[in-house]
Every structure is written in structure tokens, then in C-alpha cells.
Amino acid sequence: LAKTTQPISMDSYEGQEVNITCSHNNIATNDYITWYQQFPSQGPRFIIQGYKTKVTNEVASLFIPADRKSSTLSLPRVSLSDTAVYYCLVGGSSGYSTLTFGKGTMLLVSP
Amino acid sequence: DVKVTQSSRYLVKRTGEKVFLECVQDMDHENMFWYRQDPGLGLRLIYFSYDVKMKEKGDIPEGYSVSREKKERFSLILESASTNQTSMYLCATGETAYNEQFFGPGTRLTVL
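Residues numbered from 1 in each chain as written. Chains lettered and ligands numbered in written order. Predicted model: local features only at pLDDT ≥ 70, side-chain atom pairs only at ≥ 80, totals over all residues. Heavy atoms only, no water.

### Some points on the sheet that holds strand 7 (residues 65-70) of chain B
All names here are of chain B. Note the following rule: At least two DSSP bridges between two strands are required for those strands to pair. To qualify as a helix, a DSSP run of H or I must reach at least 4 residues; to qualify as a strand, a run of E must reach at least 2; elements of each kind are numbered from the N terminus. Every axis in this analysis is a line fitted to C-alpha atoms, fitted for helices over the stretch in contact. Angles between the N-to-C directions lie between 0 and 180 degrees.
Taken together, four strands build an open sheet; the order of strands is 1-3-8-7 and the sheet is antiparallel. Of all the strands in the sheet, just strand 1 (4-6) and strand 7 have a single pairing partner and so form its edges. Direction aside, neighbouring strands of the sheet carry axes that sit 20° apart on average. Where strand 3 (residues 19-25) and strand 8 (residues 73-78) come together, six bridges link them in antiparallel fashion. Each residue of the ladder has a partner; that of L21, found in strand 8, is L76.

### Topic: the interface of chain B and chain A
Heads up, the rule is: Note on contacts: a residue pair qualifies if any of its non-hydrogen atoms lie within 4.5 Å across the two residues. Summed over both partners, the accessible area (1.4 Å probe) lost when two parts come together is defined as the buried area. The salt bridge definition used is simple: a Lys or Arg side-chain nitrogen within 4 Å of an Asp or Glu carboxyl oxygen. Any N or O atom pair separated by 3.5 Å or less is treated as a polar contact, with the protein-specific requirement of one donor-capable and one acceptor-capable atom, and with residues adjacent in sequence counted only for side-chain atom pairs.
Counting residues at the interface gives 25 residues for chain B, matched by 22 residues for chain A. Of the roughly 1800 Å² buried at the junction of chain B and chain A (both faces included), carbon and sulfur atoms supply 57%. Our count for the contact surface shared by chain B and chain A stands at zero salt bridges. One can count four residue pairs in polar contact (both at pLDDT 80 or more) joining chain B with chain A.

### Thoughts on the state of the cysteines
The criterion, for reference: Throughout, disulfides are identified as pairs of cysteine sulfur atoms within 2.5 Å of each other. Only protein chains enter the area calculation, which uses a 1.4 Å probe; residues under 20% of their type maximum are buried, those over 50% are exposed, and those in between are partly exposed.
All chains considered together, the criterion is met by two disulfides over all chains. Note that A:C22 is cross-linked by a disulfide to A:C88, the S-S spacing being 2.3 Å. The sign of the -80° torsion about the S-S bond sets the A:C22-A:C88 disulfide as left-handed. Of this pair, A:C22 sits in strand 2 (residues 18-23) while A:C88 is found in strand 8 (residues 84-92), placing the two residues 66 residues apart along the sequence. Classification of A:C22 by relative accessible area gives buried; the value is 0%. Shown here is the disulfide that connects B:C23 with B:C91, its sulfur atoms set 1.9 Å apart. In this structure the cystine formed by B:C23 and B:C91 twists about its S-S bond by roughly -75°; its chirality is therefore left-handed. Of this pair, B:C23 sits in strand 3 while B:C91 sits in strand 9 (residues 87-94); the two residues are 68 residues apart in sequence, bridging distant segments of the chain.

### Here we look at the packing of aromatic side chains
Condition: Each Phe, Tyr or Trp ring (for Trp, its six-membered ring) is paired with any other whose centre lies within 6.5 Å, and the angle between the two planes then decides the class: stacked below 30 degrees, edge-to-face above 60, tilted in between. Consider the ring centre and the ring normal. A charge sits over the ring if Lys NZ or Arg CZ is within 6 Å of that centre and within 35 degrees of that normal.
One pass over the full model with this rule turns up 11 aromatic pairs over all chains. Here the aromatic rings of A:F101 and B:F103 are separated by 6.3 Å at their centres, their planes lie at 70°, and the arrangement is edge-to-face. Of this pair, A:F101 sits in strand 9 (residues 95-101) while B:F103 is found in strand 10 (residues 102-103), placing the two residues in two different chains. Grouping residues by exposure puts A:F101 and B:F103 together as buried. Put simply, the rings of A:Y36, A:F46, A:Y87, A:F101, B:F33, B:Y35, B:F48 and B:F103 pair up and form one aromatic cluster. Of note, A:R68 hangs over the ring of A:Y51, and the distance from its end group to the ring centre comes to 4.1 Å.

### Looking at the environment of B:E56
All names here are of chain B. As for its placement among the helices and strands, E56 is situated in strand 6 (residues 54-57). When its relative accessible area of 33% is taken as the criterion, E56 is described as partly exposed. Measuring from C-alpha to C-alpha, the distance between E56 and I46 comes to 9.0 Å, with 10 residues separating the pair along the chain.

### Quick notes on the pattern of salt bridges
Applying the stated criterion across every chain, the model contains seven salt bridges over all chains. The network of salt bridges with common partners includes B:D28, B:E30 and B:K71.

### Let's talk about the sheet that holds strand 6 (residues 61-64) of chain A
All names here are of chain A. Taken in spatial order, the four strands line up as 2-7-6-5 in an open sheet, and their pairing is antiparallel. The strands lining the two open edges of the sheet, one partner per strand, are strand 2 and strand 5 (53-56). For this sheet the average axis-to-axis angle between neighbouring strands, irrespective of direction, equals 15°.

If you want it as C-alpha cells, here you go:
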């Protein structure tokens, strides 16, 4: 299984760009990398998914280097409402049994 | 809009009781999952189901069983609840192993 490692917490201020990195040294060739956001008392919500290089959508970018042993979620100009826990999920190449969530990064955005 | 609902938001049970947690989805997804979430441990997969009556163990299946009699419904069963099963339980659905998962709001279970 592709074990994932993320920072436990990060602090930022409104308007700054935030980069959260996830390490996944044992990622399999066909595994995907997915990031989720979770607010208190809610289930996680999908943010972005990628396989290699860079993916961008309306809320975030995902950078994946060529060796795919890590990935970085980039949140441009965060606001207070981006305060949440962010999870990295790796796997899927051999079905759901290979999916591994990270332990999550608590992002605190201050005024 | 995908809807994943869980039978209870909060549940309090006593040690030794049989506990049923139910999850219902309206997206016609083949795959459904049960996770538990604990502080410092993140989300851990208990069981998943890829079709009606089909199930597979996740990372921490001990002490749990599941039932999927209908496509839209996936139940998690604690045969004899114990205090170490006090946790937040999250249900999710998805189309394939590669697609995003849609999560329910969670059930916070306390076993006394």
C-alpha cells in the first residue's frame, strides 16, 4: 500500500498562497493522487485529482513531480473559510483495497 | 447533486449492544465504503462493497461486519459494541476506484 505522510498542521494568513505537500514513496504505477477538504462536523469533500505533472481547477492546483513520490496541493490566496483539514489519498490502481488516506493537515487561516 | 445520507448524526450505545449504522445513496454508484475517523489517525477504511451482496475488508475490519442487500444501501454492523469503537463513522460512495468519493455527514458513535 502507498503510505502517505503529510504535515500535521499549517498556519497561514488571508490572501497568502498555501502549499501542502504529501509524500507517497511507494506509489504504484497506476495510482492516482486525490485531495479532499473536510470542515468540522462534515464528511470530506473532493478538491482535485491528478496522475502526473500539473492539474488546475477553479479552487486549487496540484503539482506532481516526475517521480510521483510526492504531490503538492496549492491553494491560491486563502481566506478564513479555507480553514479545514486537507487529506491526501493515493491509490486505485488495484481497486479500492489499495486506497490509502493520509492523516490529514489542519490548515488554520488567520486574519 | 449527489446525496449520501447516514441514519444518525449522533448515537450513544452501551458495551455489548448490537449497533447498526445505515448509509443510503441516490447516485446509483456501484461502490460504497465505511470509514472510521479518529484524532491523529485520519480516515481508515473498514469495509467496502463493489456490488450488491459483495464486500471486501479494508484496513481495520475486526469487530465489524457489513450488509449490502440493495444497491443504494450499505450497513455497518457492530456485533458487540466496545468502548474502543467510539469514533466518527463516515460512509462514502464512488463510481470506480479512480473517481472521487462522495461522503455522508458522518455518525458520531459513543459506546459507554
